[in-house]
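# What the coordinates show
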Amino acid sequence: MEKSISKKAYAKVNLSLDIVGRREDGYHLVRMVMQSLGIADDLVFERLDTPKIEVLLNGNVGDGSEMNSEATSGDKNLGRVPLDEDNLIYKVARLMLEQHVWKRQPDAGVRITLTKNIPIAAGMAGGSSDAAATFRGMNELFELGLLDQDLMEMGVALGADIPYCIMGGTALSEGIGEELTRLPDLPDCYFLVAKPPISVSTGEAYGGYDRLISELEEMEEGSARRKVKSPDVDGQVDAIYSGNLQGVADRFLNVLEYVTAENHPEIKELERIILEGGAINSMMSGSGPTVFGIYDSLEAAEASYRKIVDEKKANQVFITKAV
């Protein structure tokens, strides 16, 4: 049994995001297409001979130096990475130890060292991706032999994005995010990703959307969701199956952008720069505030990158590809 292993936790963006309802327990029902990117946190797992969990933060936050020559700018994340019981890494490690490790190895423990590169509170599932990598890392480190499906079933209790982050790639996500359908890889393209110097919580974005729907319902009779334009998720899925990158990009739409962009004009400004720089299309990811553009030309992506950095429109900027 190895004493130490390493895992990467990949960021995600939403190629579309629709809210189709809400469960009685408060969870929102969604339909969205997810894509993992080559921006990644690094996690190192070390076995300990005492039954404890240590989570450490190491390296330069936002450094990006391990991203295989991918361009990145900015060396500071906004927000705080908790390293105690509130951290998803810690919660996953404890769950795996309690349910699977300590029954056979009661004296086992783990030290997990995190190097943070994914922007924090950015709509890129950084915390969920770290949790997914921890499920995989603990499974491998302690040779538990659990299948990805086993890990995904445990993960959804801790976070709706965790099952997708375990699967990765291109996927249709439904339910609260746990109903996943793997899709073909996107055609070859480049992503420019830019996070402005603001942070948005997931709860803030979804709560704002709920208030928007309520206000529309008060103004007019009928379903307010019919008045908020929804993405053509089915059409986007069809475009992915047919390898039509233009068709995928034409169907970019994120209903949470109605809320987050209204409160943060930096989002639309970044989209304008990205589109004027030659992107096929641009959109906010998840609950925001990260904005991304998709390009079929590396040169165009690099030109947009330089403009955003030169004009200081974002404090973290990356050029990357789908993984």
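Treat the numbers as computed from the prediction; the structure is a model and nothing was measured. (Residues numbered from 1 in each chain as written. Predicted model: local features only at pLDDT ≥ 70, side-chain atom pairs only at ≥ 80, totals over all residues. Heavy atoms only, no water.)

## Describing the nonpolar core
Core analysis: the biggest nonpolar cluster contains 72 residues, and Met96, Val110, Phe135, Phe142 and Ile308 have the highest contact counts within it. Take this core: its biggest share by element is eight residues, from helix H1 (residues 88–101). (Core = buried A, V, L, I, M, F, W, Y, C linked by side-chain atoms within 4.5 Å. Buried < 20%, exposed > 50% of the residue type's maximum accessible area, 1.4 Å probe, protein only. Helix = DSSP H or I, 4+ residues; strand = E, 2+ residues; numbered from the N terminus.)

## What to know about the pattern of salt bridges
Two side chains of opposite charge can pair, provided their charged atoms sit close to one another. For the structure on display, the rule yields 22 salt bridges. When the shortest N-O distance is used, the salt bridge between Glu257 and Lys268 registers 2.8 Å. One end of the pair, Glu257, is in helix H8 (residues 257–263); the other, Lys268, is in helix H9 (residues 266–276), with 11 residues separating them in the sequence. Given a relative accessible area of 9%, Glu257 falls into the buried group. For Lys268, a relative accessible area of 47% translates into the label partly exposed. What you see here is one network of salt bridges that share partners, running through Glu46, Lys52, Glu54 and Arg111. (Salt bridge = Lys/Arg side-chain N within 4 Å of Asp/Glu carboxyl O.)

## Structural notes on the side chain of Thr170
On the secondary structure map, Thr170 appears in strand E6 (residues 170–174). Within polar-contact distance, the side chain of Thr170 engages the side chain of Gln35 at 2.5 Å. (Polar contact = N/O pair within 3.5 Å; in protein donor to acceptor, adjacent residues only side chain to side chain.)

## Here we look at the pairing of strand E2 (residues 28–48)
Burial of E2 is extensive: 17 of the 21 residues sit out of reach of the surface. Across 16 bridges, strand E1 (residues 4–22) lies against E2 in antiparallel orientation. Across the sheet, the residue bridging to Lys8 is Asp42, located in E2. From the end of E1 to the start of E2, which pair antiparallel, there are five residues, and Gly26 there has a positive phi angle of about 100°. Where E2 lies against E6, four bridges are found, and the strand directions are antiparallel. Residue pairing for E6: Met34 is matched across the bridge by Ala171. (Pairing = 2+ DSSP bridges.)

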